[in-house]
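Listed here are the chains, written in short residue letters.
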2 protein chains.
Amino acid sequence: MIVTVTLNPALDLTYQLDGGLSPGRTHRVRTVDERPGGKGINVARVLHQLGVAVVATGLLGGTQGEAIRTRLAELGLSERFVETGQDARRTVVVVGGGVSTGLWEPGPRLAGRHLDDLSDQMVQLISHARCVVFSGSLPPGLPSDAYRRLVALAVAAGVASILDADGDALTDALPAGPTLVKPNLDELGRAVGHDLSTLESTAAAATQLRLAGAGTVVVSRGALGLLAVTPVGTWLATPPRPIEGNPTGAGDACVAALARGLADGNPIDWPELLRDAVALSGAAVHRPVAGEVELEAYQRYRPQITLERMG
Amino acid sequence: MIVTVTLNPALDLTYQLDGGLSPGRTHRVRTVDERPGGKGINVARVLHQLGVAVVATGLLGGTQGEAIRTRLAELGLSERFVETGQDARRTVVVVGGGVSTGLWEPGPRLAGRHLDDLSDQMVQLISHARCVVFSGSLPPGLPSDAYRRLVALAVAAGVASILDADGDALTDALPAGPTLVKPNLDELGRAVGHDLSTLESTAAAATQLRLAGAGTVVVSRGALGLLAVTPVGTWLATPPRPIEGNPTGAGDACVAALARGLADGNPIDWPELLRDAVALSGAAVHRPVAGEVELEAYQRYRPQITLERMG
């Protein structure tokens, strides 16, 4: 079983307008789509779609939290979120006139005791888990080392862990020794403090994160694929051509594939796992919303991914 | 006790941005304000602020409905909404760069049985009421004569009723004989099928609505005040000068004043009541959101309203 942890989940709303969005005017919304969101929940949804046993946990509360729980139940997805008593955030995407406009609520201000409650919950869940995934931003009020503390629980229990985070939430957690971290190029650049223009500088930056505590660093390079620096070698996994579509959620699908690989295998067949992760990312690009993949595209892409050993 | 009826209530969200709204981009929302909305609820909030005993009813459901109930409880406002099991709508107002942009969700599709349930509920409430207020749009799925049926319950019980609606929802209800209807100029124009450019044509159109069944017609003329065609005479009530500010909610404050007047008095002192209604509308313009009035401005405006008998 895989556990996904989402500390700042969201109720994702998509508003479809008949025309474009005009600042200063009032618009009647034609249709409203409502989904459970947040990166960890997206990872859980992809795993669930693949038939992998998964439990979503994290921090959730209020009437928005109730709406998220209802939507997860409708999807048949198991959840063990800790109730915070404070309304989860919404994200609103307004689609009209050929463009999408996003409005991101900040999320509730949480406290250390919410993290304590989640730690207690996680100790229970980890004992049944093969891999734990930590994804997404920290809500306001939580310390930047929140992920360090949670990753340490997985490490202490000998369970594989994946961290997909940005900024201090990522760098402060590295000393706990997550099995794998998955920054994109921007996030990796922020973590090491400079832009990454070449493959060599990217591999060097990934190695820096390994030295800081991460077991493996998988760098998502958008439509160009993945660069992975593992304990047993460095690989570049590349799709045959850039895949057109909606890149939102490709990173979450990539993490879902990596989590399944870490949960399944020891020793890990890295070339096979990276091929799988690039194919599943590509299959997410075919879907208009995060947290879903096109299974037919996934099967089609898998044999097309090029693997190159770099070191 | 006054009963307000809101068939299509909303959770009103106000998003404050740091800068302007740019279509095609993603924005972090700085603050989120969440209020119970819908015209009948706004009327109830103004009455509650004035210390008048009021109960809000109507149709409400789902997790959004739960959020609206929670917010009403926080305001200390009594509610007896009928649960529909279907999510109430949201309205989102995005404030940034000096302009406000509105996004109106359509509301849930309801059915005749929801109206049956509300009728049962209303029979109970009306027996304790001095006035019933029906305000706002009908949710999708309800017949256009929904208000006719509900107004008839008040008429049968000998309780005063006010209807503030537009289009077929207004005109289809007139045969039931509401005590008072309060169209604005646009709504009155739509009801009679032509524009209203003069005071004479406005008074003639109001008289047409009386002939169709309304006891009194109070026409809100925006910053110009009110024109009232009553069973005992026609009056024009005018503020000393146009009042600058946010006109949203001025109509709801006007209805609140009229409801209090109908509940209190028999015979009604129309000049005094119209003076009161214009002053309270003006006091709502001083507030940035609907459903609130500035009590100090209300007291200041009251003696300044000019009354003119037209017939």
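Residues numbered from 1 in each chain as written. Chains lettered and ligands numbered in written order. Predicted model: local features only at pLDDT ≥ 70, side-chain atom pairs only at ≥ 80, totals over all residues.

**So, the overall build of chain A**
Counting its secondary structure elements, chain A contains ten helices and 15 strands. For 311 residues, the compact-globule estimate of 2.2 N^0.38 gives 19 Å, and chain A sits close to it at 19 Å. For chain A, the residues scored as buried account for 52% of the 311 residues in total. (Helix = DSSP H or I, 4+ residues; strand = E, 2+ residues; numbered from the N terminus. Rg over C-alpha atoms; globule rule 2.2 N^0.38 Å. Buried ≥ 20, exposed ≤ 12 C-beta atoms within 10 Å, placed from the backbone.)

**Remarks on the relation of the copies chain A and chain B**
Between the two copies of the chain lies a rotation about an axis combined with a shift along it. When chain A is fitted onto chain B, the two copies agree to an RMSD of 0.1 Å after a turn of 180° and an axial shift of 0.1 Å. Expressed as an axis order, the relation between the two copies is that of a two-fold axis. Minimal C-alpha separation from the rotation axis in chain A is found for Thr63(A), amounting to 2.9 Å. A shared interface surface links the copies, since 100% of the contact residues of chain A are contact residues in chain B too. (Least-squares fit on C-alpha atoms with pLDDT ≥ 70 in both. Contact = placed C-beta atoms within 7 Å.)

**Section: the interface of chain A and chain B**
Facing the 24 residues of chain A at the interface are 24 residues of chain B. For the side of chain A that touches chain B, the elements supplying multiple residues, two or more each, are β3 (26-37), α2 (62-74), β7 (89-96) and β8 (99-104) of chain A. Among the residues forming the side of chain A that touches chain B, the class breakdown is twelve nonpolar, eight polar and four charged. Pairing of β3(A) with strand β9 (residues 99-104) of chain B, which is carried by three bridges, proceeds in the parallel orientation. Note on β9(B): the bridge partner recorded for His27(A) is Leu103(B). (Nonpolar A, V, L, I, M, F, W, Y, C, P; charged D, E, K, R; others polar. Pairing = 2+ DSSP bridges.)

**Section: the nonpolar core**
Counting residues in each nonpolar core, the largest one holds 201 residues, and the members touching the most others are Ala259(A) and Ala259(B). Leaving out residues up to four positions away in the same chain, Ala259(A) has contacts with Ile2(A), Val43(A), Leu47(A), Cys131(A), Val133(A) and Ile162(A). (Core = buried A, V, L, I, M, F, W, Y, C linked by C-beta atoms within 7 Å.)

**Considerations on the confidence of the model for chain A**
Summary statistics for chain A give a mean pLDDT of 95 and a share of 100% for residues scoring 70 or more. In the model output, the complex is listed with pTM 0.83 alongside ipTM 0.82. (pLDDT = per-residue confidence, 0-100.)

**Digging into the pairing of strand β15 (residues 233-238) of chain B**
Residue and element names in this part refer to chain B. Summarising the sheet, strand β14 (residues 226-230) and β15 pair through five bridges and their orientation is antiparallel. Bridging across to β15, leucine 226 finds its partner in alanine 237. Here β15 runs beside strand β16 (residues 306-309); their pairing, made up of four bridges, is antiparallel. Residue pairing across strands places leucine 236 opposite glutamate 308, the latter belonging to β16.

**A short note on the sheet that holds β9(B)**
Overall, mixed pairing links the nine strands, which are arranged β3(B)-β8(A)-β7(A)-β2(A)-β3(A)-β9(B)-β8(B)-β2(B)-β4(B) in an open sheet. Looking at the sheet topology across the chains shown, the edges are occupied by β3 (26-28) and β4 (31-37) of chain B. For this sheet, the mean inter-axis angle between neighbouring strands, taken without regard to orientation, is 25°. Bridge count for β7(A) against β8(A) is six bridges, and the pairing is antiparallel. Each residue of the ladder has a partner; that of Gly96(A), found in β8(A), is Val99(A). Where helix α2 (residues 62-74) of chain B meets the sheet, its contacts fall on β2 (10-16), β4 and β8 (89-96) of chain B, and the angle it forms with β4(B) comes to roughly 85°. (Axes fitted to C-alpha atoms, helices over the stretch in contact; angles between N-to-C directions.)

**Notes on the packing of helix α1 (residues 39-49) of chain B against helix α8 (residues 250-264) of chain B**
Residue and element names in this part refer to chain B. Viewed as axis vectors pointing N to C, α1 and α8 meet at an angle of 60°, and their least axial separation amounts to 8 Å. The orientation of α1 relative to α8 falls into the category oblique. The crossing of α1 and α8 is right-handed. Every residue of α8 that contacts α1 at Lys39, Asn42, Val43, Val46 and Leu47 is listed here: Asp252, Ala253, Val255, Ala256, Ala259 and Arg260. (Parallel < 35°, antiparallel > 145°, perpendicular 65-115°, else oblique. Left-handed = near helix turned anticlockwise from the far one by under 90°.)

**Comments concerning the pairing of strand β10 (residues 131-135) of chain B**
Residues and elements named next belong to chain B. Burial analysis of β10 places five of its five residues in the buried class, the great majority of the element. Residues Cys131, Val133 and Ser135 point to one face of β10 and Val132 and Phe134 to the other, with burial holding for every one of them. Direction of pairing for strand β1 (residues 2-6) relative to β10: parallel, over a ladder of four bridges. Within β10, the residue paired with isoleucine 2 across the bridge is cysteine 131. With five bridges connecting them, β10 and strand β11 (residues 160-164) associate as parallel partners. In the strand pairing of β11, cysteine 131 is matched with alanine 160. Assessed by its sense of winding, the connection that carries the chain from β10 through helix α4 (residues 146-156) to β11 is right-handed. (Right-handed = clockwise from strand over helix to strand, strands pointing away.)

**A closer look at helix α7 (residues 199-211) of chain B**
All names here are of chain B. Between its terminal C-alpha atoms α7 stretches 18 Å, which fits the 18 Å expected from 13 residues at 1.5 Å a residue. Looking at α7, one finds that the buried residues are Thr202, Ala203, Ala205, Ala206 and Leu209. The arc enclosing the buried residues of α7, seen along the axis, measures out at 160°, which places them on a common side. Structural note: α7 exposes Glu200 and Leu211 on the side pointing more than 90 degrees away from its buried face. For α7, the elements touching its buried residues are β12 (180-181), α6 (185-192), β13 (216-220), β14 and β15. Where α7 terminates, the next one or two residues include glycine 213, which has phi positive at roughly 140°. (Expected span 1.5 Å × (residues − 1). Arc of directions from axis to C-beta.)

**Examining helix α9 (residues 270-285) of chain A**
Its 16 residues give α9(A) an end-to-end C-alpha distance of 23 Å, which sits within 8% of 22 Å, the value for a rise of 1.5 Å per residue. When you tally the buried positions in α9(A), you get 14 out of 16 residues, the bulk of the element.

**Focus on the environment of Ala290(B)**
Considering the arrangement of structural elements, one finds Ala290(B) in the loop between α9 (270-285) and α10 (295-301). Among residues more than four places away in sequence, those in contact with Ala290(B) are Gly37(B), Asn42(B), Thr248(B), Gly249(B) and Asp252(B).

**Here we look at the packing of α8(B) against α9(B)**
All names here are of chain B. Direction vectors running N to C along α8 and α9 enclose 150°, while the axes themselves pass 8 Å from each other. In this structure, α8 meets α9 at a crossing whose hand is right-handed. Every residue of α9 that contacts α8 at Ala250, Ala253, Cys254, Ala256, Ala257, Leu258 and Gly261 is listed here: Leu273, Asp276, Ala277, Leu280, Ser281, Ala283, Ala284 and Val285. Here the contact of α8 with α9 is composed, by residue class, of twelve nonpolar, two polar and one charged.

**Section: the environment of Leu115(A)**
Residue and element names in this part refer to chain A. One can find leucine 115 in helix α3 (residues 112-126). Take leucine 115: there are 21 C-beta atoms within 10 Å of it, and that puts it in the buried class. Taking the C-alpha atoms as reference, leucine 115 lies 9.0 Å from leucine 7; in sequence the two are 108 residues apart.

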